[in-house]
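The primary structure of each chain is shown beneath.
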Amino acid sequence: MTVLLIAETAQGRLVADPVARALTALAPLGDVHVLAVGAEAAAEAATLSGVTKVLQAEGAPLPEALANLILSEVKAGGYTHVAAAATTAGKATLPRVAALLDVMIIPDVTAILDADTFERPAYAGNAVQRVRSGDAVKVLTLRTTGFAPAETGGPAPIDTMTAPADPALSTWVEDRIESTGRPELTSAGVVVSGGRGLGSEENFALIVALADKLGGAVGASRAAVDAGYAPNDWQVGQTGKVVAPDLYIAVGISGAIQHLAGMKDSKVIVALNKDEDAPIFQVADYGLVCDIFEAVPELTAKV
Ligand SMILES: Cc1cc2nc3c(=O)[nH]c(=O)nc-3n(C[C@H](O)[C@H](O)[C@H](O)COP(=O)(O)OP(=O)(O)OC[C@H]3O[C@@H](n4cnc5c(N)ncnc54)[C@H](O)[C@@H]3O)c2cc1C
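As a starting point, this report considers the structure included with it. (Residues numbered from 1 in each chain as written. Predicted model: local features only at pLDDT ≥ 70, side-chain atom pairs only at ≥ 80, totals over all residues. Heavy atoms only, no water.)

1. Regarding the environment of Ile257
Mapped onto the elements, Ile257 comes out in helix α7 (residues 257-260). For the pair Ile257 and Val218, spaced 39 residues apart in the sequence, the C-alpha separation amounts to 20 Å. When sequence neighbours within four positions are dropped, the list of residues in contact with Ile257 reads Ala124 and Asn126. (Helix = DSSP H or I, 4+ residues; strand = E, 2+ residues; numbered from the N terminus. Contact = heavy atoms within 4.5 Å.)

Here it is in structure tokens:
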């Protein structure tokens, strides 16, 4: 069995963390070839342990063109599995590949039991579904937070590929990237998240100060994002990012099921809330019933 792993890239560089974690998830299936767009990203992918070969492609990694490229590789290369991390890019590309191959997409896989059998969460993480696929090629996205990143090793050999004609259905116009200097939310060891309890964008500075003191990333509930207290790429939950840090601190967050879907696999959960009946306390390892406007500055000063 040979797996084709589609690497995530940004500005020509490899987004290493999800690729390294996906390699750990896929290792039991056999050889893993990594498809990376751009020479620099391909060279970075080749240094990860568990990569048998890197296929270097050129062009913009837009889903329409990339899906055609993957399709031609699968047809030529005899791959049994095509995988990517369940990031925005992975989720935009792999269902297209599955449809072009006329097979099912298997999304958000959390465990690979054998070549045909996979586990994935359903109902906002409240049930684990075990699915068996009879498709000739399994196309899956991986929820990578539960897997340790592969070490560096290699280097693996790099083959350059000839891409099929770009269908030219889409073009890249611009990127708007927020650069904060903080760790990336989905791979941070510590995440401090704020909810509606913060009450305003200005008050969100309390969350940012605590996160910076702990060297962590900043997260938010959807209510905080919808109210304009925090940017939308900070949202944690079912319709935001899924995180599993060593420490998750939820501040002024009630713990709605859709929020828990994005953070309940964190190793240690701390909740600060004035309502002792808030559902967040049911998943918290440590909880403090408090006024966050007093407790958070005190906590920040003491760590
Ligand atoms: C289809 C769908 C998808 C969704 N996806 C997501 C998602 O991805 N992520 C997500 O987060 N939500 C999501 N939601 C929304 C979710 O249902 C909740 O509405 C949201 O999580 C609530 O956010 P919150 O906890 O910040 O706000 P609230 O539920 O309003 O909670 C605010 C909390 O702050 C506390 N508080 C207020 N003031 C203070 C104070 N001074 N000191 C201490 N505590 C205080 C209150 O006691 C309360 O518990 C989704 C909903 C739907 C329907």
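2. A short note on the sheet that holds strand β1 (residues 2-6)
With parallel pairing, the seven strands of this open sheet are ordered in space as β7-β11-β6-β1-β4-β5-β12. Two strands close off the open sheet at either side, each with one partner strand: β7 (105-109) and β12 (158-160). Ignoring strand direction, the axes of neighbouring strands in this sheet form an average angle of 25°. Both strand β5 (residues 53-57) and β12 contribute to a ladder of three bridges, which runs parallel. For Gln56, the partnering residue across the bridge sits in β12 and is Thr160. Together, β1, β4 (31-37), β6 (81-85) and β11 (138-142) form the strand contacts of helix α1 (residues 16-26), whose direction differs from that of β1 by roughly 160°. Against the sheet, helix α4 (residues 88-101) contacts β1, β6, β7 and β11, and its axis sits at roughly 170° relative to β11. (Pairing = 2+ DSSP bridges. Axes fitted to C-alpha atoms, helices over the stretch in contact; angles between N-to-C directions.)

3. Structural notes on the site of the ligand
Not every one of the 25 residues close to the ligand is listed here, only the nearest: Arg196, Ser221, Thr239, Ser254 and Asn273. Val236 places a polar main-chain atom, nitrogen or oxygen, 2.8 Å from a nitrogen atom of the ligand. When each cavity is represented as a set of grid points, the ligand is found to reside in the second largest pocket. Elements represented by at least two residues in the shell around the ligand include exactly α6 (222-226), α7 and α9 (292-302). Looking at side-chain class alone, the shell around the ligand contains seven nonpolar, 13 polar and five charged residues. (Near = heavy atom within 4 Å. Polar contact = N/O pair within 3.5 Å; in protein donor to acceptor, adjacent residues only side chain to side chain. 1 Å grid on protein atoms, 1.4 Å probe; cavity = no way out; pocket = protein on both sides within 12 Å on 5 of 7 lines; lining within 4 Å. Sits in = over half its atoms within 2 Å of the grid points. Nonpolar A, V, L, I, M, F, W, Y, C, P; charged D, E, K, R; others polar.)

4. Quick word on the nonpolar core
With 32 residues, the main nonpolar core has Leu5, Leu23, Leu26, Val34, Ile112, Leu140 and Leu142 as its most contacted residues. Among the secondary structure elements, those contributing two or more residues to this core are β1, α1, β4, α2 (39-46), β7 and β11. (Core = buried A, V, L, I, M, F, W, Y, C linked by side-chain atoms within 4.5 Å. Buried < 20%, exposed > 50% of the residue type's maximum accessible area, 1.4 Å probe, protein only.)

5. What to know about the pattern of salt bridges
Tallying each qualifying case throughout the model produces 13 salt bridges. Here the salt bridges do not stand alone but share partners, grouping Arg13, Glu40 and Glu44 into one network. (Salt bridge = Lys/Arg side-chain N within 4 Å of Asp/Glu carboxyl O.)

6. Focus: the side chain of His81
Structurally, His81 is set in strand β6. Residue class for His81 comes out buried when judged on its relative accessible area of 1%. Reaching out from His81, the side chain makes a polar contact with the side chain of Thr80 at a distance of 2.9 Å. Setting aside residues no more than four positions away along its own chain, His81 makes contact with Met1, Thr2, Val3, Leu4, Leu29, Ala115, Phe118, Val137, Lys138 and Leu140.

7. Some thoughts on the layout of surface pockets
Put simply, the second largest pocket is a space of about 440 Å³. Counting residues per element, the ones that place at least two in the lining of the second largest pocket are α6, α7 and α9. Tallied by class, residues from the lining of the second largest pocket come to seven nonpolar, 13 polar and four charged. (Points joined across faces, edges and corners; volume = space filled by probe spheres on them.)

8. Looking at the pairing of β4
Along β4, six of the seven residues are buried, which leaves the element largely enclosed by surrounding structure. With five bridges connecting them, β1 and β4 associate as parallel partners. Of the residues in β4, the one forming a bridge with Leu4 is His33. One ladder, built from five bridges, connects β4 with β5; its direction is parallel. Bridge pairing links Val37 to Ala57 in β5. In this fold, β4 hands off to α2, which returns the chain to β5; that crossover is right-handed. (Right-handed = clockwise from strand over helix to strand, strands pointing away.)

From the geometry alone we can't say anything about function, so treat these as descriptive.
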